[in-house]
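Below, each chain spelled out in residue letters.
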Amino acid sequence: MIAVDLGVEKVDQALRLVRALGAHRYVAGRMHLVHVIAADSVPDDAGGALADVRAWARATVAEGSHGLDLASRDERLWRRCSDAELVALLEAFWAPGLRALASRAALEERLRAHGLETTHRAAFDESSEERIHPLAIDAGWELYSLRELDPERHKGAIAAFGDPLAFEVACFEEETAIPQTPHLYELSAMGPAELLAASDEGVLAQPFVVWAQGNETYLDYVFRGIERAAKLT
């Protein structure tokens, strides 16, 4: 995968970008996971977008008192969430204000209570990504394959190849690639460090990048649209 850097250095830009990543016609599906300890740390005033996530977290934590180890890698400790819930979670930890301070304090308290790391690694350090535990947020989107693109609905991306032959060649290469890889993009893996120390007064500790794989022409077209939608240009 390659890092796509759109010059995002502030929290409000990052939130707009994450909204835009899932809000266009080329998204075929998404898989976002949130860890129970992160979801349970968000205060009750976080808004309606997180009502279901918080209710699940409360119930799962309660289950922890009956044998579910919250410090383990049990798959029951993660829940799928929507694009709106993903944005709301990031905002709850990153946006300047009392809510983020409360969310971070609660997360740090819960991590220590279960013997888990707090900020023993730098935020967005890709070299230590495999050692993240717990994985607080894991988010990604899959795009339609080139052959799945509709001639009318997706004509912009098709036209970006320059001519019909170039598009057909790209489709052939996609279909015959070994191994076949989907077109997708995802956020950096987020553990405790990314939620506790990634932002300070609305500024991110590191530039916010998106990791992508797929046909370069296709991805370039999609990201130009995302950049405009997120008002990053």
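The rules we used
- Just so you know, the residues in each chain are numbered from 1, in the order the chain's sequence is written.
- With the structure being a predicted model, the display of local features is reserved for residues of pLDDT at least 70 and the display and counting of side-chain atom pairs for 80 or more, all residues being used for whole-chain, interface and lining totals.
- Hydrogen atoms and water are omitted, and side-chain values are computed over all heavy atoms in the structure.
- Buried residues of nine kinds, namely Ala, Val, Leu, Ile, Met, Phe, Trp, Tyr and Cys, make up a nonpolar core once their side-chain atoms join them within 4.5 Å.
- Only protein chains enter the accessibility calculation, which uses a 1.4 Å probe; a residue is then buried when its area is under 20% of its type maximum, exposed when over 50%, and partly exposed in between.
- Think of it this way: any DSSP run of H or I at least four residues long counts as a helix, any run of E at least two long counts as a strand, and we number them from the N terminus.
- Note on contacts: a residue pair is in contact if any heavy atoms of the two residues lie within 4.5 Å.
- Within this document, salt bridges are pairs made up of a side-chain nitrogen of Lys or Arg and a carboxyl oxygen of Asp or Glu, the two lying within 4 Å of each other.
- One less than the residue count of a helix, multiplied by 1.5 Å, gives the span that helix is expected to have.
- Two rings from Phe, Tyr or Trp (for Trp, the six-membered ring) form a pair when their centres are within 6.5 Å of each other. A pair whose planes differ by under 30 degrees is stacked, one over 60 is edge-to-face, and the rest are tilted.
- A pair of strands is treated as paired once DSSP finds two or more bridges between them.
- The definition of a polar contact used here is a pair of N or O atoms within 3.5 Å, where within protein one atom must be able to donate a hydrogen and the other to accept one, and adjacent residues in sequence count solely through side-chain atom pairs.
- A residue's pLDDT is the predictor's confidence in that residue, given on a scale from 0 to 100.

Undergrad: Could you clarify how one ought to interpret the nonpolar core in this entry?
TA: Inside soluble globular proteins, nonpolar side chains tend to come together where they are buried. By size, the foremost hydrophobic cluster in this structure holds 68 residues, and its most contacted members are Trp-94, Tyr-185, Leu-187, Phe-208 and Phe-223. Looking at this core, the element that brings in the most residues is helix H4 (residues 83-94), giving eight residues. When residues no more than four places from it in sequence are discounted, the contact partners of Phe-223 are Val-4, Leu-6, Leu-21, Tyr-185, Val-210 and Ala-212.

Undergrad: For this particular structure, what's the right way to read the pattern of salt bridges?
TA: Pairing is possible between side chains that carry opposite charge, provided their charged atoms lie close to one another. Within this structure, the stated rule accounts for 13 salt bridges. Measuring nitrogen to oxygen at the nearest pair gives 2.8 Å for the salt bridge that ties Arg-110 to Asp-40. A residue pair is termed long-range when its members are at least 10 positions apart, and Arg-110 in helix H5 (residues 98-113) and Asp-40 in helix H2 (residues 36-41) qualify at 70 residues. Under the relative-accessibility criterion, Asp-40 is labelled buried at 10%. Close ionic contact of Glu-152 with Lys-155 constitutes a salt bridge, the shortest N to O distance being 4.0 Å.

Undergrad: Quick question: what am I supposed to make of H4 here?
TA: Each α-helix turn comprises 3.6 residues. Residues three or four places apart therefore point the same way. Along its twelve residues, H4 runs 16 Å from first to last C-alpha, staying within 8% of the 16 Å computed at 1.5 Å per residue. Within H4, ten of the twelve residues are buried, leaving the element largely enclosed by the surrounding structure. Turning to H4, its buried residues number three or more, namely Asp-83, Glu-85, Leu-86, Val-87, Ala-88, Leu-89, Leu-90, Ala-92, Phe-93 and Trp-94.

Undergrad: Looking at this structure, how should I read the packing of aromatic side chains?
TA: Aromatic ring pairs: the centre-centre distance and the angle between the two ring planes describe each pair. All told, the structure shown has eight aromatic pairs when counted by the stated rule. A ring pair is formed by Trp-141 and Tyr-185, whose centres lie 5.7 Å apart and whose planes are at 45°; its orientation type is tilted. In this pair, Trp-141 is assigned in strand E4 (residues 137-143) and Tyr-185 in strand E5 (residues 184-187), connecting sequence segments 44 residues apart. Ring geometry for Phe-161 versus Phe-167: centroids 5.4 Å apart, planes at 70°, classification edge-to-face. Clustering of aromatic rings is evident, with ring pairs tying together Tyr-26, Tyr-218 and Tyr-221.

Undergrad: Sorry, what's going on with the pairing of strand E2 (residues 27-35) here?
TA: Where E2 meets E4, seven bridges bridge the pair, whose relative direction is antiparallel. By the bridge assignment, Val-34 is partnered in E4 with Ile-137. The pairing of E2 with strand E3 (residues 78-80) spans three bridges and is antiparallel. Counted as the bridge partner of Leu-33 is Arg-80 from E3.

Undergrad: Is there a simple way to explain helix H7 (residues 164-176) in this structure?
TA: Along its 13 residues, H7 runs 18 Å from first to last C-alpha, staying within 8% of the 18 Å computed at 1.5 Å per residue. Where H7 is buried, its residues touch helix H6 (155-159). N-capping of H7 is provided by Asp-163, with a side-chain oxygen placed 3.0 Å from the backbone N of Leu-165.

Undergrad: Any chance you could explain the confidence of the model for the protein here in plain terms?
TA: As a general rule, the predicted coordinates of low-pLDDT regions are not to be interpreted in detail. Considering every residue of the protein, the mean pLDDT works out to 92; 97% of them sit at 70 or more. Ranking the elements of the protein by mean pLDDT puts helix H3 (residues 51-64) last with 88 and E4 first with 98.

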